[in-house]
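# Understanding the architecture of this molecule
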Amino acid sequence: MSWRNSLGNEDIRRFLTNIANALGVYVLVVSCMVMFASFILQMDLSEAKYFEYQSIIEIGDFKFHELTHEDVKNMLEEERNNGTKERTWCQFPPKNMHGRQIYKYNLNVPDLDLKKLNSGFQHGGRYVPEDCLPIARIAIIIPYRDREKHLKILLHNIIPKLKRQKLDFTIYVIEQTHSSPFNRGMVRNIGFSEASKIADYDCYIFNDVDTLMEDDRNMYLCNKRAVRHLLTGYDTHGYQLDYLFLVGGVIAFTKEQFLKINGYTNQLFFWGGEDDELYKRMRCSGIKLYRPVDEIGKYTIISHHHDAKEPDRHKVLRENTDNDVIDGVKNLVYKRLEIEYKELYTRILVDIDEKLVRQSFLDALEKNNR
Ligand code: UDP
Ligand code: MN
């Protein structure tokens, strides 16, 4: 006897209805579970992201013992072998530091007091301590256009402090012409590239022209183990950072670190986005970020009007993930117009053609995707 014969039509209908109901409930339960799981997962992801961000930032870097002489000794071996044997290493940490001094700037700054500032300077704005062998050779790179007063104030602020730090430093002012909107990332890339052509530095530090160090214990040194963001708070923001991952203002890279992330993006003209994009590059390459302790990393900001915001900044942040290789310090298109070795700094005037920069990026993109 087949099973069909033992069941009436009604039974079959009921049976099928039951299956349909059961399936419906099943689908409902499963979809609820999927929704719930994705909700949890999303929470997890955002949490994970948060911790991922957190884990690369280590606050409290540089308690003076953190950087060993071993780290920097090798770098200057060459110089030591070249007739400087009679000098001993500069003390580390340096003596006679002043500590934190809130910097009172005056916008009606008089001309640079060269007599006061230029002692110990060599041609082109390189300073080398006379009494000891500096533990590192630093390039300070200042992106610049139309901020003459700020530059004077900055030089007055930073030079005496760096001298007390007993470093071998050269200040580079990278000035962009007016042919295109100001490109903060690219000007920094050019500064790195031009400075590297002049000498091999242990450390490249980008310092905005309006960002004034308050504490001379904030050593302008690099750390091979992490990029150092030297700024822990602005006076204009209650000595806080707007957000944990902000890397603007003043930041220190070794050559290897900067090349590893291919520097800044060249694609952002106008204001904003280049620092966040830089942080993204660091995170993608697994580079750590260190900051000094809060007290030491305090800065005074010279207030000023802001440029128009860069309309593409969110787009570049979103889409540039895989384009780091073709957009950065290794992909520069610019013209160097002048190089001037001044008493306190080397001034390099460059022309950036927005159209050319964008076109060369698109060309590289096309070539890359082929
Ligand atoms: N900058 C400049 N001239 C300009 C625009 C920018 O010299 O017209 C340089 C300057 O070093 C400045 C930095 O780029 O400190 C960052 O730009 P801005 O100060 O406008 O941005 P903020 O950091 O204040 O948001
Ligand atoms: Mn500014």
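Residues numbered from 1 in each chain as written. Chains lettered and ligands numbered in written order. Predicted model: local features only at pLDDT ≥ 70, side-chain atom pairs only at ≥ 80, totals over all residues. Heavy atoms only, no water.

## Focus: the side chain of Arg188
What counts here: Numbering goes from the N terminus for both helices and strands, where a helix is a DSSP run of H or I of at least four residues and a strand is a run of E of at least two. By the criterion applied in these results, polar contacts are pairs of N or O atoms within 3.5 Å in which, for protein atoms, one can donate a hydrogen and the other can accept it, and in which residues neighboring in sequence qualify only through two side-chain atoms. We call two residues contacting when some pair of their heavy atoms lies within 4.5 Å.
Note on placement: Arg188 falls in helix H7 (residues 184-198). One polar contact links Arg188 to Asp208, side chain to side chain, over a distance of 2.7 Å. Once residues within four sequence positions are removed from consideration, Arg188 is found in contact with Ile141, Pro143, Phe206, Asp208, Tyr264, Glu274 and Asp275.

## Topic: the site of ligand 1
For the record, the criterion: Proximity is defined per residue: if any heavy atom of the residue lies within 4 Å of a molecule or strand, that residue is considered near it. Note on areas: Shrake-Rupley with a 1.4 Å probe; residue coverage comes only from the protein chains shown. Residues were grouped as follows: Ala, Val, Leu, Ile, Met, Phe, Trp, Tyr, Cys and Pro as nonpolar; Asp, Glu, Lys and Arg as charged; and all remaining residues, including Gly, as polar.
Near ligand 1, the surroundings consist of Pro143, Tyr144, Arg145, Arg147, Phe182, Arg184, Asp208, Val209, Asp210, Trp271, His304 and His306. Residue Arg145 places a main-chain N or O atom 2.8 Å away from a nitrogen atom belonging to ligand 1. The contact in question runs from an oxygen atom of ligand 1 to an N or O atom on the side chain of Arg147, over 3.1 Å. Notes on ligand 1: free accessible area 510 Å², of which the protein chains cover 86%. Its residues assigned to classes, the shell around ligand 1 comprises 5 nonpolar, 2 polar and 5 charged.

## Concerning the coordination of the manganese ion (ligand 2)
Definition in use: Note that water is not among the atoms considered, so a metal site may appear incomplete; the donors listed are N, O and S atoms within 2.8 Å of the metal, with 3.2 Å applied to Na, K and Ca.
The manganese ion (ligand 2) binds to the protein through Asp210 (OD) and His304 (NE2); the donor distances cover 1.9 to 2.2 Å. Residue Asp210 is found in the loop between strand E6 (203-207) and strand E7 (211-213), and its partner His304 is found in the loop between strand E12 (298-301) and helix H10 (313-319); the two are separated by 94 residues along the sequence.

## Re the side chain of Arg291
Under the convention used in this document: Burial classes: relative accessible area under 20% of the type maximum marks a residue as buried, over 50% as exposed, and values in between as partly exposed (1.4 Å probe, protein chains only). Working convention for charge: Lys and Arg count positive, Asp and Glu count negative, and His plus the chain ends are omitted. Salt bridge criterion: a side-chain nitrogen from Lys or Arg within 4 Å of a carboxyl oxygen from Asp or Glu.
Secondary-structure assignment places Arg291 in strand E11 (residues 289-292). For the buried Arg291, no salt bridge exists, and the shortest N-O distance to an oppositely charged side chain is 7.5 Å, to Asp294. Polar side-chain contacts of Arg291 include one of 2.7 Å to the backbone oxygen of Leu244.

## Some thoughts on the state of the cysteines
When the sulfur atoms of two cysteines share a covalent bond, that bond is a disulfide. Going by this rule: A pair of sulfur atoms, both from cysteines and within 2.5 Å, is called a disulfide here.
Throughout the structure, instances matching the rule amount to 2 disulfides. Two residues, Cys90 and Cys132, share a disulfide whose sulfurs are 2.1 Å apart. Measuring the twist about the S-S bond at about 90 degrees, one finds the Cys90-Cys132 disulfide to be right-handed. Of this pair, Cys90 sits in the loop between helix H4 (77-81) and helix H5 (114-117) while Cys132 sits in the loop between strand E3 (126-127) and strand E4 (137-144), and the two are 42 residues apart along the sequence. Grouping residues by exposure puts Cys90 and Cys132 together as buried. There is a disulfide in this structure between Cys203 and Cys222, and the S-S distance comes to 2.1 Å. Around the S-S axis, the bridge from Cys203 to Cys222 shows a dihedral of about 75 degrees and counts as right-handed. Of this pair, Cys203 sits in strand E6 while Cys222 sits in the loop between E7 and strand E8 (227-229), placing them 19 residues apart in sequence. Judged by its relative accessible area of 1%, Cys203 falls in the buried class.

## Details of the environment of Asp307
Within the element layout of this structure, Asp307 appears in the loop between E12 and H10. Counting along the chain gives 37 residues from Asp307 to Phe270, while the straight-line C-alpha distance between them is 6.4 Å. Not counting chain neighbours up to four residues away, the residues in contact with Asp307 comprise Phe182, Arg184 and Trp271. A distance of 3.2 Å separates a polar atom in the side chain of Asp307 from a polar atom in the side chain of Arg184.

## Things to note about the sheet that holds strand E9 (residues 233-234)
This is how it is decided: Two strands qualify as a pair provided that DSSP identifies no fewer than 2 bridges between them.
Spatially, 3 strands are ordered E7-E12-E9 in an open sheet, and the strand pairing comes out mixed. The open sheet has two edge strands, E7 and E9, and neither has a second partner. With 2 bridges joining them, E9 and E12 adopt parallel strand pairing. Bridging from a neighbouring strand, Gly233 pairs with Lys298 of E12.

## Some words on the environment of Val329
Tracing the sequence through the fold places Val329 in the loop between H10 and strand E13 (335-341). Classification of Val329 by relative accessible area gives buried; the value is 9%. If we skip the residues at most four places from it in the chain, Val329 touches Asn189, Phe192, Phe258, Leu259, Asn262, Gly263 and Tyr264.

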